[in-house]
2 protein chains.
Amino acid sequence: MPYHSGMTTSAAERDLRGAAVRVTKQRVAVLDAVRRHPHADADTIIADVRGELGRVSTQAVYDVLHALDEMGLVRRVAPAGSPARYDPRVGDNHHHLVCRRCGRMVDVDCATGAAPCLEPVAAQGFSVTEAEVIFWGYCPDCQSKGPAPAG
Amino acid sequence: MPYHSGMTTSAAERDLRGAAVRVTKQRVAVLDAVRRHPHADADTIIADVRGELGRVSTQAVYDVLHALDEMGLVRRVAPAGSPARYDPRVGDNHHHLVCRRCGRMVDVDCATGAAPCLEPVAAQGFSVTEAEVIFWGYCPDCQSKGPAPAG
DNA sequence: GCATAAAATGGAATTGTTCCAGTTAACGAA
DNA sequence: TTCGTTAACTGGAACAATTCCATTTTATGC
Ligand SMILES: [Mn+2]
Ligand SMILES: [Mn+2]
Ligand SMILES: [Zn+2]
Ligand SMILES: [Zn+2]
């Protein structure tokens, strides 16, 4: 049975068709999950997708996340000390603010807009395509609590 | 036999004593290795230290690297998709240029000097302590070769 | 409806790192 | 200089996140 057997066409599904790739229920569910949980890690996405579809392999979710990243529908962000996060906001070149205590990640707009938004002082012969900026600090909730990592 | 049994006092040893921690041959060797191989990963450091001392446990090297990081004698840098690198250049807040193909990492001076060297456009209540900037691109050697990852 | 290639599955394997319980050794005190 | 304390090291197992692989399923074009 092909995926599209009658139900309404979702935004995720339209975006996948727009990318000219096969539309599977796993892909639709993963893309929806990323959009529902911005900056979530793979475990969160897997749990959400299983809640939606029932049995789905871990590998399928990883494959889909990679595919979506490559087709530009999600953006993989990997802050130090954390599993990769998946960001539904694509097409601009915004940056991130990450809490050292709880790991919360929020968007920070880029002042310049286009990548790379910064020029290295001396590029040493490198051709630079991107400036990845992560601001580290403490989120509002964690400023009151001690600086210990989240349990 | 205590570590310091007659040989000349190295810079690494002096720096460790300055940090008021026990001076062990493993710590001296790891700090020397990081200084000899800037931005090397743990495997490289482990190999170098074993060449220097003979049998040393993997765990000891990881422990030492953490300790050195905490005491501010080395800086741990973790670019996406690569094991952590260890940087002997500390005390300033420089940034890095990383090659997408071969992983080479070189220093980029920070224009402003002090951390955080950038202000997020809107901090959303976060207290920001650091702006980590990684410039991604292709190193001089890799610009000629194809964009495939190093094998 | 059928063929085909792309995608999903299940399970094992890898990588980088950490945990743990027991042993060793650095160093301050005697 | 020896001794006791405790930090540091060892070996080995465990772990988390991710990837590899062979097989099966399924979306899509004809
Ligand atoms: Mn984002
Ligand atoms: Mn550096
Ligand atoms: Zn927080
Ligand atoms: Zn390169």
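These lines cover the structure that appears in this document, whether it is placed above or below. Not measured: the values here are computed from a predicted model. (Residues numbered from 1 in each chain as written. Chains lettered and ligands numbered in written order. Predicted model: local features only at pLDDT ≥ 70, side-chain atom pairs only at ≥ 80, totals over all residues. Heavy atoms only, no water.)

## Side note on the coordination of the zinc ion (ligand 4)
At the metal site, the zinc ion (ligand 4) is ligated by Cys 99 of chain B (SG), Cys 102 of chain B (SG), Cys 139 of chain B (SG) and Cys 142 of chain B (SG), and these contacts range over 2.2 to 2.3 Å. Geometry at the zinc ion (ligand 4) is tetrahedral, judged from its 4 donor atoms and the angles of 102 to 113 degrees they form at the metal. (Donors = N, O, S within 2.8 Å, 3.2 Å for Na, K, Ca; no water. Tetrahedral: all angles 85-135°; square planar, octahedral: opposite > 155°, others 65-115°.)

## Some thoughts on the interface of chain B and chain A
Reports of interface size often rely on the accessible area that becomes lost once the parts have come together. Facing the 36 residues of chain B at the interface are 36 residues of chain A. In this assembly, chain B packs against chain A so that about 2800 Å² is buried in total across both faces, 61% of it on carbon and sulfur atoms. Considering only the side of chain B, the residues that lose the most area to chain A are Phe 126, Glu 132 and Phe 135 of chain B, jointly responsible for 22% of the buried surface there. Linking chain B with chain A are 2 salt bridges. Summed over the shared surface of chain B and chain A, the number is 16 residue pairs in polar contact (both at pLDDT 80 or more). The element best represented in the side of chain B that touches chain A is strand β6 (residues 127-138) of chain B, accounting for 12 residues. Here strand β6 (residues 127-138) of chain A runs beside β6 of chain B; their pairing, made up of 11 bridges, is antiparallel. The residue bridging Gly 137 of chain A from the neighbouring strand is Val 128 of chain B, located in β6 of chain B. (Contact = heavy atoms within 4.5 Å. Buried area = accessible area lost by both parts, 1.4 Å probe. Salt bridge = Lys/Arg side-chain N within 4 Å of Asp/Glu carboxyl O. Polar contact = N/O pair within 3.5 Å; in protein donor to acceptor, adjacent residues only side chain to side chain. Helix = DSSP H or I, 4+ residues; strand = E, 2+ residues; numbered from the N terminus. Pairing = 2+ DSSP bridges.)

## Considering the relation of the copies chain B and chain A
Of the transformation placing chain B onto chain A, the axial shift is 0.0 Å and the rotation is 180 degrees, giving an RMSD of 0.0 Å. The superposition of one copy onto the other is thereby described by a two-fold rotation axis. Minimal C-alpha distance to the rotation axis in chain B is attained by Val 133 of chain B, lying at 2.3 Å. A shared binding surface is used by both copies, with 100% of the interface residues of chain B retained as interface residues in chain A. (Least-squares fit on C-alpha atoms with pLDDT ≥ 70 in both.)

## A short note on the coordination of the manganese ion (ligand 1)
For a metal with four tetrahedral donors the ideal donor-metal-donor angle is 109.5 degrees, while six octahedral donors give ideal angles of 90 or 180 degrees. All names here are of chain A. At the metal site, the manganese ion (ligand 1) is ligated by His 39 (NE2), Asp 87 (OD), His 94 (NE2), His 96 (NE2) and Asp 107 (OD), and these contacts range over 1.9 to 2.3 Å. Summarised as a motif, the one-chain spacing of the donors to the manganese ion (ligand 1) is H-x47-D-x6-H-x1-H-x10-D. Of the two residues, Asp 87 is situated in strand β3 (residues 85-87) and Asp 107 in strand β5 (residues 105-108); the sequence distance between them amounts to 20 residues. Accessibility expressed as a relative area gives 1% for Asp 87, which makes it buried. (Buried < 20%, exposed > 50% of the residue type's maximum accessible area, 1.4 Å probe, protein only.)

## Here we look at the sheet that holds strand β2 (residues 75-77) of chain B
All names here are of chain B. With antiparallel pairing, the 3 strands of this open sheet are ordered in space as β1-β3-β2. Either end of the sheet is taken by a strand with one partner, and the two such strands are β1 (40-41) and β2. Across 2 bridges, the pairing between β1 and strand β3 (residues 85-87) is antiparallel. Looking at β3, one finds that Asp 41 is bridged to Arg 85.

Remember, this is a structural readout, not a statement about activity or role.
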